[in-house]
Amino acid sequence: MDYLIPIIFYGFAAMILISAAVVVFSKKIIYAAFALLFTFFGVAGFYVLLNADFLAITQIMIYIGGILVLIIFGVMLTTKITGVDIKEGVTSKIQKGFALLAITIIGITLLILYSNVKWVTKEFPEIKSTIIPIGNVLLTDYILAFEVASVLLLIAIVGAALIARRK
Amino acid sequence: MIGLNEYLVVSALLFCLGLYAIITRKNAILVLMGLELVLNSANINFIAFSKFGGLNIHGQVAAIFVIILAAAEAAVALAIILNIYQNFKHVNVDEIDKMRD
């Protein structure tokens, strides 16, 4: 079965990068929103390959089930879907050129960095599921951050409802 | 065999694409989508280092907190965008230059 892992990896990598390119370069905002679904799904596939089963489920439930639905609602509420061309607007050619230059420099720097650094890696133990260790760590080492996150989510709910309310 | 570097390269490319979207897009929702791409690339890094550092569970917990913050940020950002749309009738970030009527 080991020979299948590179095939699956490159499949998910192609899915992530192609759909992310559609998100970035698409002329229609609704296509970008639906391409984002495939990006999130490919990232969830990466999490499965990286032994993070709980994170993969969380990714699908929160990103695809929550954030993406919110974004699609936002698209539908703020653009005129009935028009043929959804004007999404891009910046001028010169600005685009400078942005492309900056991104290329950042990307090449990152790639050179990644190919030259010798990361310290360890053999990983075979464990069945990460849910039990994550639960133990969340309620012991990260208990303060856990509680702060719950308060933050409550504040975000109240704040979002208050801001989005019609006057 | 797929090692750490392959994951890091995919995450770097995803980061660059997200940053390009943040810089060049004018529609606020597309800027938000670019932001999600950047957060996802950071999460891939966290979990890749978590696995190749001996399946260290702390990396996965950091990724959970990133997801929590992304959810809160998306909700508040979309509320703000809806409010902007009510006031300006568009959501182009470079034409929104008034803070009061």
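The notes below deal with the structure included here. All of these numbers come straight from a predicted model, not from anything done at the bench.

Turning to the packing of helix H2 (residues 29-49) of chain A against helix H1 (residues 4-24) of chain B, a few remarks are in order. It is at 13 Å that the axes of H2(A) and H1(B) come closest, and there the two elements cross at 160 degrees. When the axis of H2(A) is compared with that of H1(B), the two are roughly antiparallel. H2(A) and H1(B) meet at a crossing whose hand is left-handed. Contact residues: Thr39(A), Val43(A), Phe46(A) and Leu49(A) in H2(A); Tyr7(B), Val10(B) and Leu14(B) in H1(B). Split by residue class, the contact of H2(A) with H1(B) holds six nonpolar, one polar and no charged.

Bringing a nonpolar patch on the surface into the picture now. Residue and element names in this part refer to chain A. Together, Leu139, Ile143, Leu144, Phe146 and Val148 make up an exposed nonpolar region whose accessible area comes to about 480 Å². Looking at where Leu144 falls in the secondary structure, it is placed in helix H6 (residues 143-164). According to the relative accessible area criterion, Leu144 is exposed, its value standing at 65%.

At the interface, 80 residues of chain A touch 66 residues of chain B. Counting the contacts that link chain A with chain B gives zero salt bridges. At the junction of chain A with chain B, the criterion picks out nine residue pairs in polar contact (both at pLDDT 80 or more). Of all the secondary-structure elements, those providing two or more residues to the side of chain A that touches chain B are helix H1 (4-25), H2, helix H3 (53-78), helix H4 (93-116), helix H5 (131-138) and H6 of chain A. For the side of chain A that touches chain B, the leading source of residues is H3(A), giving 13 residues. By residue class, the composition of the side of chain A that touches chain B is 58 nonpolar, 14 polar and eight charged.

Rules used throughout
- Residues numbered from 1 in each chain as written.
- Chains lettered and ligands numbered in written order.
- Predicted model: local features only at pLDDT ≥ 70, side-chain atom pairs only at ≥ 80, totals over all residues.
- Heavy atoms only, no water.
- Axes fitted to C-alpha atoms, helices over the stretch in contact; angles between N-to-C directions.
- Helix = DSSP H or I, 4+ residues; strand = E, 2+ residues; numbered from the N terminus.
- Parallel < 35°, antiparallel > 145°, perpendicular 65-115°, else oblique.
- Left-handed = near helix turned anticlockwise from the far one by under 90°.
- Contact = heavy atoms within 4.5 Å.
- Nonpolar A, V, L, I, M, F, W, Y, C, P; charged D, E, K, R; others polar.
- Patch = residues over 30% accessible without salt bridge, like charges linked within 9 Å, V, L, I, M, F, W, Y side chains within 5 Å.
- Areas by Shrake-Rupley, 256 points an atom, 1.4 Å probe, with all protein chains shown as cover.
- Salt bridge = Lys/Arg side-chain N within 4 Å of Asp/Glu carboxyl O.
- Buried < 20%, exposed > 50% of the residue type's maximum accessible area, 1.4 Å probe, protein only.
- Polar contact = N/O pair within 3.5 Å; in protein donor to acceptor, adjacent residues only side chain to side chain.

Treat this as a map of the structure, not an account of what it does.
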